[in-house]
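Listed here are the chains, written in short residue letters.
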Amino acid sequence: MPKISRRTFGGLVGGGAVTAVAGTTTAAAAAERPFTARPAAASGKRPNILVILGDDLGWADLSSYGAPHIRTPHLDRLARQGVRFTDAYSGSATCSPTRFSLYTGRYPGRTPGGLAEPIGNRTQGLDPHHPTLASLLKKAGYATALIGKWHCGWLPDYSPTKSGWDEFFGNHGGVLEYFSKLGQLGDYDLYEGDATYKDLRYYTDVLTERAVEYVGREHRSPWLLNLNFTTPHWPWLAEGDEETGAEIEAKIRAAKSPAEVVAALNHYDGGSVEKYAEMVESLDAAVGEVLAALRRSGQEENTVVVFASDNGGERYSYNWPLSGEKFVLLEGGIRVPTIVRWPARIDGHQVSHEPNFSPDWTATLLEFGGARPDPAYPLDGTSLAGYLLRGEKPPERDLFWRVRANRALRRGDWKYYQDANKTDHLYNLAADSREQADLAPDEPELLAELKAAWEKTAATLLPYPN
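Here is a short report on the structure shown in this document. (Residues numbered from 1 in each chain as written. Predicted model: local features only at pLDDT ≥ 70, side-chain atom pairs only at ≥ 80, totals over all residues. Heavy atoms only, no water.)

### What to know about helix 8 (residues 258-266)
Part 1: Looking at helix 8, one finds that the buried residues are Val261, Ala264, Leu265 and Asn266.
Part 2: In the segment just after helix 8, His267 is the residue with positive phi, at about 60 degrees. (Buried < 20%, exposed > 50% of the residue type's maximum accessible area, 1.4 Å probe, protein only. Helix = DSSP H or I, 4+ residues; strand = E, 2+ residues; numbered from the N terminus.)

### Examining the nonpolar core
Part 1: Among the nonpolar cores identified, the biggest contains 60 residues, and Leu50, Leu225, Leu227 and Phe307 are the most heavily contacted of them.
Part 2: Among the elements that make up this core, the one with the highest residue count is helix 9 (residues 273-296) (11 residues).
Part 3: When near neighbours in sequence (up to four residues on either side) are disregarded, Leu227 contacts Leu50, Val51, Ile52, Leu53, Ile147, Leu207, Ala211 and Val290.
Part 4: Counting 44 residues, the second-largest nonpolar core is a separate cluster that includes Ile119, Trp154, Val304 and Phe368. (Core = buried A, V, L, I, M, F, W, Y, C linked by side-chain atoms within 4.5 Å. Contact = heavy atoms within 4.5 Å.)

### Some points on the environment of Ala143
Part 1: Summarising the element assignment, Ala143 is placed in strand 5 (residues 143-149).
Part 2: In this structure, the C-alpha to C-alpha distance between Ala143 and Thr123, residues 20 residues apart in sequence, is 29 Å.
Part 3: Those residues in contact with Ala143, other than ones at most four positions away along the chain, are Asp166, Tyr214, Ser221, Pro222, Trp223 and Leu224.

### A short note on the pairing of strand 17 (residues 424-428)
Part 1: Of all five residues that make up strand 17, five are buried, and the element is covered over most of its length.
Part 2: Side chains Asp424, Leu426 and Asn428 of strand 17 all project onto a buried face; the interleaved residues His425 and Tyr427 project onto the opposite face, where all are buried too.
Part 3: Of the pairings in the sheet, the one linking strand 16 (residues 414-418) to strand 17 comprises five bridges and is antiparallel in character. Bridge pairing links Trp414 to Asn428 in strand 17.
Part 4: Two successive antiparallel strands, strand 16 and strand 17, enclose a turn made up of five residues, where Lys422 displays a positive phi of approximately 65 degrees. (Pairing = 2+ DSSP bridges.)

### Quick word on the pattern of salt bridges
Part 1: Counting across every chain of the model gives 34 salt bridges.
Part 2: Put simply, Asp241 and Lys275 hold a salt bridge, and the shortest N to O gap is 2.8 Å. Residue Asp241 is located in the loop between strand 9 (223-228) and helix 7 (242-254), and its partner Lys275 is located in helix 9; the two are separated by 34 residues in the primary sequence.
Part 3: In this structure Asp241 comes out as buried when scored by relative accessible area, which is 16%.
Part 4: Close ionic contact of Glu331 with Arg335 constitutes a salt bridge, the shortest N to O distance being 2.6 Å. Like Glu331, the residue Arg335 is buried in the burial classification. (Salt bridge = Lys/Arg side-chain N within 4 Å of Asp/Glu carboxyl O.)

Here's what the structure looks like:
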């Protein structure tokens with residue numbers, strides 16, 4: 001890969017610039033030290049893997065990332081016990097494509113279903129024959145389960161149990177009303193395996209209960225658990241909002257078209273900054289319960305925990321200092337809070353500014369678990385295992401995104417971005433995380449180089465259908 005120049009502006013270099021610009025450095029962040037791998041030999045025992053996703057959680061929605069009005073003590077503790085990443089990204093700017101990229105370790109555009117933004121009908125989904133994180137770890141001897149939001153296709157053709165997960169408890173669609181469990185197609189969407197499961201309690205609590213049970217079992221083999229919350233995705237409802245939930249349910253049942261169902265769920269006349277904060281805090285409490293169960297089970301030391309969001313925040317989210325939100329490829333749409341903890345191998349109280357995105361974690365977790373990618377389906381992600389465990393510098397590579405009306409590529413501190421009007425922009429994220437100073441006129445050669453790199457990768461992907 002050609003080398004490119006690296007500017008520094010005002011002494012701000014790398015992801016640390018975000019904290020400096022934001023002015024939201026917390027006591028916890030101040031106690032962090034730059035990431036350094038622990039010089040320790042492997043135990044030979046493969047770790048359990050717990051991957052937790054929030055839904056539409058913004059980059060700064062955790063107090064450890066700067067939120068001044070949201071309290072997340074459990075996730076902040078997780079960050080103190082592991083590594084907090086400042087420059088981590090989702091695989092796309094919406095739900096389904098990111099999940100495709102995390103499950104497969106590849107760009108969403110490698111498979112037809114990954115082009116949906118997001119999946120909205122029963123004909124689209126993740127091909128059951130395509131290797132996944134779960135199927136590859138299962139082949140290597142892992143037990144696998146997915147609890148929560150799948151959003152990669154509906155029955156009868158698509159399901160986690162058709163794509164490598166031994167167990168599934170959750171919803172197939174992208175959104176559901178938290179109490180009635182009515183989803184985006186207007187029908188009931190809570191399943192255990194391939195059968196509907198009736199439970200009208202607040203959904204975050206239901207998922208937490210299932211996850212606590214799973215991690216507390218007597219497992220005979222290492223396990224992978226994908227725990228995908230729908231919190232804090234709309235409709236904006238917290239525990240105790242049954243009355244509002246009932247009103248939304250009535251609108252869904254009265255809907256005469258899919259658009260009316262989504263409008264009812266979207267809860268346009270509801271929500272607030274305060275309600276959103278309440279939902280994020282309920283997510284934090286849920287994660288705290290699951291982590292406490294993991295600790296009680298005696299498995300905490302050798303369990304890798306990865307916490308992230310499926311894309312950037314929306315509407316009530318706190319993204320400062322980033323611009324943009326879900327649906328676009330500005331930083332606010334794709335940069336997400338990401339925390340990794342593995343007590344047996346990785347020290348705590350650390351912060352990393354190493355750029356990474358969802359497919360990298362697929363590759364990393366496969367390596368942690370001793371599983372091999374399928375050579376017929378080469379990964380687009382780069383394993384960070386060498387970086388995290390041995391202090392190796394990750395190989396130089398580009399981070400690539402394609403959303404129908406947007407394109408983006410990050411190389412080092414530089415980001416190429418084309419907006420919906422097909423205007424090209426160039427930003428140096430080390431100095432300008434808000435993407436306000438367009439350097440395209442000043443760096444035409446670099447812009448052309450990054451644009452050509454984007455087009456070269458895009459040419460290997462499936463085209464969007466007309």
